[in-house]
Amino acid sequence: MDVAGWAVAVHGGAGAWRDEDEATACAGVSAAVSGAAAVLEGGGSALQAAIAAVVRLEDDPLFNAGTGAVLNRDGEAELDASVMTGHDLRCGGVAALRGVRNPVLVAQRVMDATPHVLLAGEGALRFARDQGFAEHDPMTVRARAAWRLRCQGEAGAAPTTPGAGTVGAVTLDIQGRLAAATSTGGVIMKLPGRVGDSPIPGAGNYANAWAACSATGRGELMMRLLVARDLCDRVRAGQHPQAAVNSLLEEMRHDVGADAGFILLSARGAVGIAHGTPAMPHAWQNSGGPVHVAFRRP
Ligand code: GLY
């Protein structure tokens, strides 16, 4: 397959973003693309680049992943993340993980250092500590304030509500390899122990030899439809990534609701981006081209 250089796309989460956060969110996804681009330009792997982008977004307290993650009903952050490489279908993830700074790095370690794909809860935490990941409190003042507001306003409300969130990256390196990485705090006021789509291969994150995808939005929808695998299969069947995300979003709107967003990258470096929510900060770049940044669909 002919490869037209490297490519990267990132998202900072589909949701009901506030207008006053637009500039900061766009700066965040732009910096994440630049971080990944530097890795790819230096000959680094698609996986290294995707992880570099997601680590930046996890460390940016504006985004619902790592530091800044939304809180569950108990007022605690439980983090989900996963990584996947397309050329060999390797993947690793963590779910409902507490007390680490960069869950995407723990997910990478699950892939590299265990025979498993997904570790959850206490077991994931024990593994993280065994691997040397230091204790870190991801709770921010803003996350705590949002949680308090929900507690006051939502007594008796549904246990899960959509929020702005999840971060992800899809990358293509100069050797033609694809990778995807996704990380999230999930949905605010989720039941303790709730796991979303982000750590589930095929649901919120997927990569194969044809395409790589990171999804965002209400994870329960992504898990029911296995959207990330579906989108990669559509590219494999010959669809352009933009046509693939457009058609899936329309189908979701009809079938289950469109509280969702996707970034999809083909092995030829073509990008597809769509969201059914009011906003989804995202950015992308192809080698030799400029960084494109947007907050809403055009
Ligand atoms: N898409 C993130 C979540 O629902 O957990």
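Residues numbered from 1 in each chain as written. Predicted model: local features only at pLDDT ≥ 70, side-chain atom pairs only at ≥ 80, totals over all residues. Heavy atoms only, no water.

**Q** What's the story with the overall build of the chain in this structure? I'm lost.
**A** Check the secondary structure of the chain and you find eight helices and twelve strands. In terms of its C-alpha atoms, the chain occupies a principal-axis envelope of roughly 55 × 45 × 35 Å. Within the span of the chain, comprising 298 residues, buried residues form 56% of the whole. Accessible surface for the chain amounts to roughly 11400 Å². Of this, 53% is attributable to carbon and sulfur atoms. With 25 positive and 29 negative side-chain charges, the chain shows a separation of 1 Å between the mean positions of the two kinds. (Helix = DSSP H or I, 4+ residues; strand = E, 2+ residues; numbered from the N terminus. Buried < 20%, exposed > 50% of the residue type's maximum accessible area, 1.4 Å probe, protein only. Areas by Shrake-Rupley, 256 points an atom, 1.4 Å probe, with all protein chains shown as cover. Lys, Arg positive; Asp, Glu negative; His and termini not counted. Charge placed at Lys NZ, Arg CZ, Asp CG, Glu CD.)

**Q** Help me out: how do you make sense of the pattern of salt bridges in this one?
**A** Opposite charge on two side chains permits pairing when their charged atoms draw close. Here the structure, examined in full by the defined rule, presents 16 salt bridges. In this structure, Arg142 and Asp21 form a salt bridge, with 2.7 Å as the shortest nitrogen-oxygen distance. Of this pair, Arg142 sits in helix α5 (residues 141-153) while Asp21 is found in the loop between β1 (7-11) and α1 (22-41), placing the two residues 121 residues apart along the sequence. The exposure class of Asp21 is buried, given its relative accessible area of 7%. Across the salt bridge formed by Arg98 and Glu76, the nearest N and O atoms sit 3.0 Å from each other. A residue pair is termed long-range when its members are at least 10 positions apart, and Arg98 in the loop between β3 (90-97) and α3 (103-113) and Glu76 in the loop between α2 (46-59) and β2 (79-85) qualify at 22 residues. Because the salt bridges share partners, they merge into one network encompassing Arg18, Glu20, Asp21 and Arg142. (Salt bridge = Lys/Arg side-chain N within 4 Å of Asp/Glu carboxyl O.)

**Q** Help me understand the pairing of strand β6 (residues 178-184) in this model?
**A** Across a regular strand the side chains alternate sides, sitting on one face of the sheet and then on the other. Counting buried residues along β6, seven of its seven residues qualify, which places the element largely inside the surrounding structure. Here six bridges tie β2 to β6, and the two strands are oriented antiparallel to one another. Bridge assignment links Ser82 to a residue of β6, and that residue is Thr182. Taken together, the six bridges between strand β5 (residues 167-172) and β6 define a ladder with antiparallel strand orientation. Pairing of Val170 across the sheet is with Ala180, part of β6. Where β5 hands over to β6, the hairpin turn is made up of five residues, of which Gly176 adopts a positive phi near 85 degrees. (Pairing = 2+ DSSP bridges.)

**Q** Please explain helix α8 (residues 241-255) as it appears in this structure.
**A** For the α-helix, the turn length of 3.6 residues means that residues three or four positions removed from each other point alike. Helix length check: α8, at 15 residues, gives a terminal C-alpha distance of 21 Å against a target of 21 Å (1.5 Å per residue), a fit within 8%. For α8, the elements touching its buried residues are α6 (219-225), α7 (227-236), β9 (260-266) and β10 (271-275). Directly after α8, the chain includes Gly257, whose backbone phi takes a positive value near 105 degrees. (Expected span 1.5 Å × (residues − 1). Contact = heavy atoms within 4.5 Å.)

**Q** Is there a simple way to explain the sheet that holds strand β12 (residues 292-294) in this structure?
**A** The strands making up a sheet associate through hydrogen bonds between their backbones, and the pairing can be parallel or antiparallel. Across the sheet, eight strands lie side by side as β4-β3-β2-β6-β5-β1-β11-β12; this open sheet has mixed pairing. Edge positions in the sheet fall to β4 (118-120) and β12, since each has one partner strand and no second. Taken pair by pair, the neighbouring strands of this sheet meet at an average axis angle of 5 degrees, ignoring direction. Across three bridges, β3 lies against β4 in parallel orientation. Looking at β4, one finds that Gly93 is bridged to Leu118. Relative to β1, α1 is tilted by about 150 degrees, and along the sheet it contacts β1, β5, β11 (282-286) and β12. In the packing of α3 onto the sheet, the strands contacted are β2, β3, β4 and β6, and the crossing angle to β3 comes to about 130 degrees. (Axes fitted to C-alpha atoms, helices over the stretch in contact; angles between N-to-C directions.)

**Q** In this structure, what is going on with the site of the ligand? I would like to understand it.
**A** Taken together, Thr166, Thr184, Gly186, Arg194, Gly196, Asp197, Ser198, Gly217, Arg218 and Gly219 are the residues near the ligand. Within the contact set of the ligand, a nitrogen atom lies 2.7 Å away from a side-chain nitrogen or oxygen of Asp197. In the environment of the ligand, an oxygen atom lies 2.8 Å from a nitrogen or oxygen atom belonging to the backbone of Gly219. Alone, the ligand offers 200 Å² of accessible surface; in the complex the protein occludes 99% of this. (Near = heavy atom within 4 Å. Polar contact = N/O pair within 3.5 Å; in protein donor to acceptor, adjacent residues only side chain to side chain.)

**Q** Before we go on, may I ask you to explain unusual backbone geometry in this structure?
**A** For residues besides glycine, phi is generally negative; the peptide bonds are generally trans as well. The phi torsion at Leu89 lies on the positive side, around 55 degrees, for a residue other than glycine. Its place among the elements puts Leu89 in the loop between β2 and β3. Relative accessible area serves as the criterion here: at 47%, Leu89 is assigned to the partly exposed category. With a phi close to 65 degrees, Met189 is a non-glycine residue in the positive phi region.

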